[in-house]
Amino acid sequence: MNVVILMGRLTRDPEIRYSSGDSSTAIAHYRLAVDRRFKRDGQPDADFFDCVCFGRSAEFAEKYLHQGTKLVVQGRLQNDNYTDKEGRMVYRNQIVVENQEFAESKAVSQANSAAYAASRPAAAPVQAAPAPASEGIDGFMNIPGQMEDELPFS
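Computed from a prediction, not measured in an experiment: that's the story for all the values here.

Novice: Would you explain a nonpolar patch on the surface in this entry?
Specialist: A grouping of Met1, Val3 and Ile5 is seen on the molecular surface, where their side chains present a nonpolar patch of about 430 Å² in accessible area. According to the relative accessible area criterion, Met1 is exposed, its value standing at 100%.

Okay, here's the thing in structure tokens:
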């Protein structure tokens with residue numbers, strides 16, 4: 001069984017290409033930065049995974065994904081070994097994405113994108129949309145304590 005599930009942020013906008021031939025297919029490549037749960041001094045705080053998706057998933061990536069977007073991807077790990085121009089064998093692993101979903105609300109994503117843009121010296125100021133009052137910090141709606149008794153699934 002070969003199943004990989006990752007949650008992280010895009011390090012840059014996806015690169016989109018289209019295959020040649022009669023029925024061209026969209027192919028999207030992006031890199032996902034996944035935070036490490038335990039961090040040690042001198043060690044990196046994140047791991048970086050190359051991801052590729054095809055067809056409608058690639059078209060979705062082209063239209064909706066951008067640098068800093070937090071995603072959950074599900075797919076499979078694939079070896080991509082080849083010989084380069086100098087005759088050396090190159091070994092590379094990548095995630096072939098079968099399913100991708102946003103991992104945060106649009107308001108939180110826009111706020112994080114604005115914070116990233118503000119931290120860059122050459123970036124123009126970006127206005128972040130305020131989060132709705134009913135949303136918590138993680139993008140989920142806060143439920144008042146007195147309503148818990150009325151929820152059918154508690």
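Structure's up, so let's keep going.
Novice: Hey, could you run me through the nonpolar core in this one?
Specialist: Considering soluble globular proteins, one finds that nonpolar side chains tend to be buried as a cluster. Among the nonpolar cores identified, the biggest contains 17 residues, and Leu6, Tyr30, Leu32, Cys53, Leu71, Val73 and Val97 are the most heavily contacted of them. When contributions to this core are tallied by element, the ones reaching two or more residues are strand S1 (4-10), strand S3 (26-35), strand S4 (46-54), helix H1 (56-64), strand S5 (70-79) and strand S8 (93-102). The biggest single contributor to this core is S3, with five residues. Among all residues touching Val73, those that are not within four sequence positions of it are Val4, Ile5, Leu6, Tyr30, Leu32, Val97, Asn99 and Gln100.

Novice: I'm lost on the packing of aromatic side chains in this one. Help?
Specialist: Each pair of aromatic rings is reported with the distance of its centres and the angle of its planes. All told, the structure shown has two aromatic pairs when counted by the stated rule. Ring plane angle 45° and centroid distance 5.1 Å describe the contact between Phe60 and Tyr64, whose orientation is recorded as tilted. Pair noted here: Phe60 and Tyr64 are both in helix H1, with a separation of four residues, about one helical turn. Here Phe60 falls in the partly exposed class, since its relative accessible area comes to 28%. Accessibility expressed as a relative area gives 42% for Tyr64, which makes it partly exposed. Summarising the aromatic geometry, the rings of Phe60 and Phe102 are spaced 5.6 Å apart at their centres and angled 55° between planes, so their arrangement reads as tilted. With Phe60 in helix H1 and Phe102 in strand S8, this residue pair connects regions lying 42 residues apart in the sequence. Of the aromatic side chains, those joined through ring pairs into one cluster are Phe60, Tyr64 and Phe102.

Calculation criteria
- Residues numbered from 1 in each chain as written.
- Predicted model: local features only at pLDDT ≥ 70, side-chain atom pairs only at ≥ 80, totals over all residues.
- Heavy atoms only, no water.
- Patch = residues over 30% accessible without salt bridge, like charges linked within 9 Å, V, L, I, M, F, W, Y side chains within 5 Å.
- Areas by Shrake-Rupley, 256 points an atom, 1.4 Å probe, with all protein chains shown as cover.
- Salt bridge = Lys/Arg side-chain N within 4 Å of Asp/Glu carboxyl O.
- Buried < 20%, exposed > 50% of the residue type's maximum accessible area, 1.4 Å probe, protein only.
- Core = buried A, V, L, I, M, F, W, Y, C linked by side-chain atoms within 4.5 Å.
- Helix = DSSP H or I, 4+ residues; strand = E, 2+ residues; numbered from the N terminus.
- Contact = heavy atoms within 4.5 Å.
- Phe/Tyr/Trp six-rings, centres within 6.5 Å; stacked < 30°, edge-to-face > 60°.

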